[in-house]
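# Structural overview
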Amino acid sequence: MAELKLLGTWASPFSCRVIWALKLKGIPFEYVEEDLANKSSMLLQYNPVHKKIPVLVHGGKPINESMIIVEYLDETWPDHPLLPTDPYERALARFWVKFIEDKGSSMWAIFRSKGEEQEKAVKATMEILKTIEEEAMGVMGESKYFGGEKIGIVDIAFGPIAHWLPVIEKVGGVKLLEPHKFPKLQAWIQNFKQDAVISENIPDEEKMVAFFKRRREMILASA
C-alpha cells in the first residue's frame, strides 16, 4: 500500500474528522502535527492554495479539505463504508454534509466575536441546530447514528457539534445546546462520544478550553 500521511493539528475538528474516518475504516497512517504559526515546508508544498490543514498525502499526492478527504478514503478503501450504498440515502447523506459545511462557520464566529456580532452568530447557530434537530434527526428514525447502527459520513461531518461546540460555549460565554431544546441532538451527541473510536480520538476538553480561550483573546485584541 502507498504511504499515507495526515498533516493536522491536535485541536482541529477538521483534522479529527479525517482521523475518525481512518480509524473507523482501519487504515494505517502516519500523523504529522503542524504548527500553524510556523507552517512546515511540507504543508506549503502540499496545500499551496489555502496553506491549511488537514492534508492527506497518499503516495505523494495531496488531498485537501476534511470531508473531501473522508469521501476519498471511502472510495479508495471500500471496506467498512461510511457512505450508504443506496443511491437515495447516499444523496441524502451528501446533502447533510454540504449543509453543515455551508452553515457551520457561524459556530466559529461565536468564538471569534463579541457584542452584537456574537449575538448574530449565536442566532444563526441556533437556527442551524434547530434545523438539525427537526429535519436531520428525523432521517435517523430510531437509529443511534445517521449511518444507522454504525457511524457514517454525516456523523463525522457533524462531529464538531458534539465536542467543539461545548468548548465554544464555555469560551464564548454563551449557552446553545440546552437539552430541553435539542433532545434528539443531545442523544446523538451522547451516542457519538461514547463510541470507542471517537472517545479515544478527541482532544481533552479542558486543554481545548484553555487553548481556544487564548486564541479568542488574541483574535479580539487584534480586531
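Here, the structure is the one placed above.
What counts and how
Residues numbered from 1 in each chain as written. Predicted model: local features only at pLDDT ≥ 70, side-chain atom pairs only at ≥ 80, totals over all residues. Heavy atoms only, no water. Helix = DSSP H or I, 4+ residues; strand = E, 2+ residues; numbered from the N terminus. Buried < 20%, exposed > 50% of the residue type's maximum accessible area, 1.4 Å probe, protein only. Contact = heavy atoms within 4.5 Å. Core = buried A, V, L, I, M, F, W, Y, C linked by side-chain atoms within 4.5 Å. Pairing = 2+ DSSP bridges. Axes fitted to C-alpha atoms, helices over the stretch in contact; angles between N-to-C directions. Phe/Tyr/Trp six-rings, centres within 6.5 Å; stacked < 30°, edge-to-face > 60°. Lys NZ or Arg CZ within 6 Å of the ring centre and 35° of its normal. Right-handed = clockwise from strand over helix to strand, strands pointing away. Parallel < 35°, antiparallel > 145°, perpendicular 65-115°, else oblique.

## Let's talk about the environment of Thr9
Here Thr9 shows up in the loop between strand E1 (4–8) and helix H1 (13–24). By relative accessible area, which is 11% here, Thr9 ends up buried. Contacts of Thr9, omitting those with residues within four sequence positions, involve Ser15, Tyr31, Glu33, Glu34, Leu36 and Ile53.

## Describing the nonpolar core
Side chains of nonpolar character tend, in soluble globular proteins, to be buried together. Ranked by size, the top nonpolar core spans 63 residues in total, and within it Ile132, Phe158, Leu185 and Trp188 carry the most contacts. If near-sequence neighbours (up to four positions away) are discounted, Trp188 is found in contact with Met137, Met140, Lys144, Tyr145, Phe146, Asp155, Phe158, Gly159 and Ala162. Within the second largest apolar cluster, seven residues are counted, among which are Leu43, Tyr46, Val55 and Val57.

## Here's the deal with the sheet that holds strand E3 (residues 55–58)
Taken in spatial order, the four strands line up as E2-E1-E3-E4 in an open sheet, and their pairing is mixed. With one partner strand each, in any of the chains shown, strand E2 (30–33) and strand E4 (61–64) form the two edges of the open sheet. Averaged over all adjacent pairs, the angle separating strand axes in this sheet is 20°, with direction ignored. Two elements, E1 and E3, share four bridges in a ladder whose sense is antiparallel. Across the sheet, the residue bridging to Leu4 is His58, located in E3. The sheet strands contacting H1 are E1 and E2, and the helix crosses E1 at an angle near 155°.

## Observations regarding the packing of aromatic side chains
The relative placement of two aromatic rings is captured by the distance of their centres and the angle of their planes. Here the structure, examined in full by the defined rule, presents 14 aromatic pairs. Each member of the aromatic cluster is reached from another via a ring pair, and the members are Trp10, Phe14, Trp108, Phe111, Phe211 and Phe212. In this structure, Lys207 packs its charged tip against the face of Trp10, placed 4.4 Å from the ring centre.

## Digging into the pairing of E2
Both E1 and E2 contribute to a ladder of four bridges, which runs parallel. Each residue of the ladder has a partner; that of Leu6, found in E2, is Tyr31. Taking the sense of rotation as the criterion, the β-α-β connection linking E1, H1 and E2 turns out right-handed.

## Observations concerning helix H5 (residues 105–112)
Inspection of H5 places Ser106, Met107, Trp108, Ile110 and Phe111 among the buried residues, and these make up the whole buried set. Next to the buried residues of H5 lie H1, helix H4 (87–103), helix H6 (115–140), helix H7 (153–172) and helix H10 (205–222).

## Quick word on the packing of H1 against helix H3 (residues 66–76)
Where H1 contacts H3, the axes come no closer than 9 Å and their chain directions differ by 10°. Between H1 and H3, the angle falls in the class roughly parallel. Contact residues: Phe14, Arg17, Val18, Ala21 and Leu22 in H1; Ser66, Met67, Ile69, Val70 and Leu73 in H3.

## What about the environment of Ile168?
Summarising the element assignment, Ile168 is placed in helix H7. On a C-alpha basis, the gap between Ile168 and Ala187 in space is 19 Å, while along the polypeptide they are 19 residues apart. In contact with Ile168, other than residues within four places in its own chain, are Met107, Trp108, Ile110, Phe111, Gly173 and Val174.

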